[in-house]
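Read off the chains here:
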Amino acid sequence: MTDFICPKCKKSLIKDGNSLKCPKGHCYDISIKGTVNLLLSNKSAHGDDKLMVNARKAFLDKGYYLPLRNELNKAVDEYSENGDTIVDCGCGECWYTAGMYNYLSEKGKSVDMIGIDVSKEAINAGASRSRRLRLAVGTVFDIPVGDNSTDIVISLFAPFSGKEYLRILKNKGVYITAFPLENHLFELKEAVYDNPYRNEVADMEVEGFDLIRSTDVHEKINICTNEDIVALFSMTPYYYKTSEKDRNKLNSLSTLETTIQFRIACYRKK
């Protein structure tokens, strides 16, 4: 099992009662949920609040994004081995994280599954999904695990931190990500904008990594309630760039059929 490291001195943290302590005496309490806060107070934090976490959890639990999670599970299974350490950077409320862990367990693989997110509310929600996940509040720009300690890094819809991924991954370790393609949620955008635009697709080249696999997910989903439609839009980057007038257009919708379109990309550390 990979140790968390102290965000102050970068030494390994060892469990001591209900705390994690490093050799220099820095101490971090383990919460009643089994999580630990390793985000330094001088680090800026802009994670999801409780309302947003609950909306995201409710939406994802209804299975709208199961096609994506199912393909992610297959990718992680392909590149993982029994005993691996997997770190989900920006794990949110752990719908994907717990799904991957459960899938690997069903395949007979025992892995050390770590989730890191800047939102304390998200980490607390993630702990409710599984006590077998090891979860910490922290930033992906200073991941609290040691150098060359990780077999697989997962990053889904979180800020990209390539230097940190390279630091924590072992030699030939694997980085797995997913991102929206051109037509993702286009019908949702048609309901909001007078002139809806298609997504720009992310560049497939990642410094320090070789692309080893790419899989596309393309489905139509039927969103069954207005609450779910609003929750989905609130989960997207578009929400913060959209006027209240345009956002309010969603209030008249009771159902919506829209496209989900993702690319899962797997890379190996050079």
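To be clear, the structure that these remarks concern was listed above.
Residues numbered from 1 in each chain as written. Predicted model: local features only at pLDDT ≥ 70, side-chain atom pairs only at ≥ 80, totals over all residues. Heavy atoms only, no water.

### A closer look at the sheet that holds strand 10 (residues 209-223)
Sheet strands pair via backbone hydrogen bonds, and the direction of the pair is either parallel or antiparallel. Going by this rule: A pair of strands is treated as paired once DSSP finds two or more bridges between them. Helix numbering and strand numbering both begin at the N terminus, where a helix is a DSSP run of H or I of at least 4 residues and a strand a DSSP run of E of at least 2. Contacts are residue-level and defined by heavy atoms, with any inter-residue pair within 4.5 Å sufficient. In this description, a line fitted to the C-alpha atoms serves as the axis of each element, helices being fitted only across the stretch in contact, and the angle between N-to-C directions of two axes falls anywhere from 0 to 180 degrees.
With mixed pairing, the eight strands of this open sheet are ordered in space as 4-7-6-5-8-9-11-10. Two strands in the sheet have a free side with no partner beyond their single neighbour: strand 4 (36-37) and strand 10. Here 14 bridges tie strand 10 to strand 11 (residues 256-269), and the two strands are oriented antiparallel to one another. Pairing of Glu219 across the sheet is with Ile260, part of strand 11. Helix-sheet contacts for helix 2 (residues 66-79) involve strand 5 (85-89), strand 8 (150-156), strand 9 (169-180), strand 10 and strand 11, and the interaxial angle to strand 10 is about 155°.

### Remarks on the side chain of Arg69
Counted only if it meets this: Any pair of N or O atoms that falls within 3.5 Å is considered a polar contact. Within protein, one atom must be able to donate a hydrogen and the other to accept it, and sequence-neighbouring residues count only if both atoms are side-chain atoms.
Note that Arg69 resides in helix 2. Here Trp95 takes part through its backbone oxygen, which lies 3.0 Å from a polar atom of the side chain of Arg69. In this view, Arg69 contacts Trp95, Tyr96 and Gly99; residues no more than four positions away in its chain are not counted.

### Observations regarding the sheet that holds strand 1 (residues 14-16)
Strand order in the open sheet formed by three strands is 1-2-3, with antiparallel pairing between adjacent strands. Because the sheet does not close on itself, it has two edges, and the strands there are strand 1 and strand 3 (27-29). For this sheet, the mean inter-axis angle between neighbouring strands, taken without regard to orientation, is 35°. Examined bridge by bridge, strand 1 and strand 2 (residues 19-21) share three bridges and lie antiparallel to one another. Looking at strand 2, one finds that Ile14 is bridged to Lys21.

### So, the nonpolar core
Where we set the bar: The nonpolar core is taken to be a set of buried Ala, Val, Leu, Ile, Met, Phe, Trp, Tyr and Cys residues, with the residues joined through side-chain atoms within 4.5 Å. The cut-offs for exposure are 20% and 50% of the maximum accessible area for each residue type, with area from a 1.4 Å probe on protein chains only; residues under the lower value are buried, those over the upper are exposed, and the others partly exposed.
Of all hydrophobic cores here, the largest spans 51 residues; its most connected members are Tyr65, Tyr96, Ile176 and Ile264. It is helix 3 (residues 95-106) that provides the largest number of residues to this core, a total of six residues. Once residues lying within four places of it in the same chain are set aside, the contact partners of Ile176 are Leu72, Ala75, Val76, Ile152, Val153, Ile154, Ser155, Ile264, Ala265 and Cys266. In terms of nonpolar packing, the next biggest core, distinct from the first, is built from 29 residues, Cys9, Leu13, Tyr165 and Met204 among them.

### Considering the pattern of salt bridges
As a reminder of what qualifies: Salt bridges are defined as contacts in which a side-chain nitrogen from Lys or Arg sits within 4 Å of a carboxyl oxygen from Asp or Glu.
As enumerated under the stated definition, the model contains 18 salt bridges in all. We note a salt bridge from Asp147 to Arg167, for which the minimum N-O separation is 2.8 Å. Pair noted here: Asp147 is in the loop between strand 7 (134-137) and strand 8 and Arg167 is in helix 5 (residues 162-168), with a separation of 20 residues, a long-range link. Note that Asp246 and Lys249 form a salt bridge whose closest N and O atoms lie 3.0 Å from each other. Taken together, the shared-partner salt bridges in this structure form one network comprising Lys57, Asp61, Glu93 and Arg129.

### Looking at unusual backbone geometry
With a phi angle near 70°, Lys10 is a residue other than glycine that sits in the positive phi range. Considering the arrangement of structural elements, one finds Lys10 in the segment before strand 1. The exposure class of Lys10 is partly exposed, given its relative accessible area of 42%. Positive phi, close to 75°, is recorded for Cys94, a residue that is not glycine.

### Quick word on helix 3
Formally: Here the expected length of a helix is defined as 1.5 Å per residue gap, with one fewer gap than residues.
Its 12 residues give helix 3 an end-to-end C-alpha distance of 17 Å, which sits within 8% of 16 Å, the value for a rise of 1.5 Å per residue. Along helix 3, the residues that are buried comprise Trp95, Tyr96, Thr97, Ala98, Gly99, Met100, Tyr101 and Leu104. In the core, the buried residues of helix 3 are packed alongside helix 1 (50-61), helix 2, strand 5, strand 6 (112-117) and strand 8.

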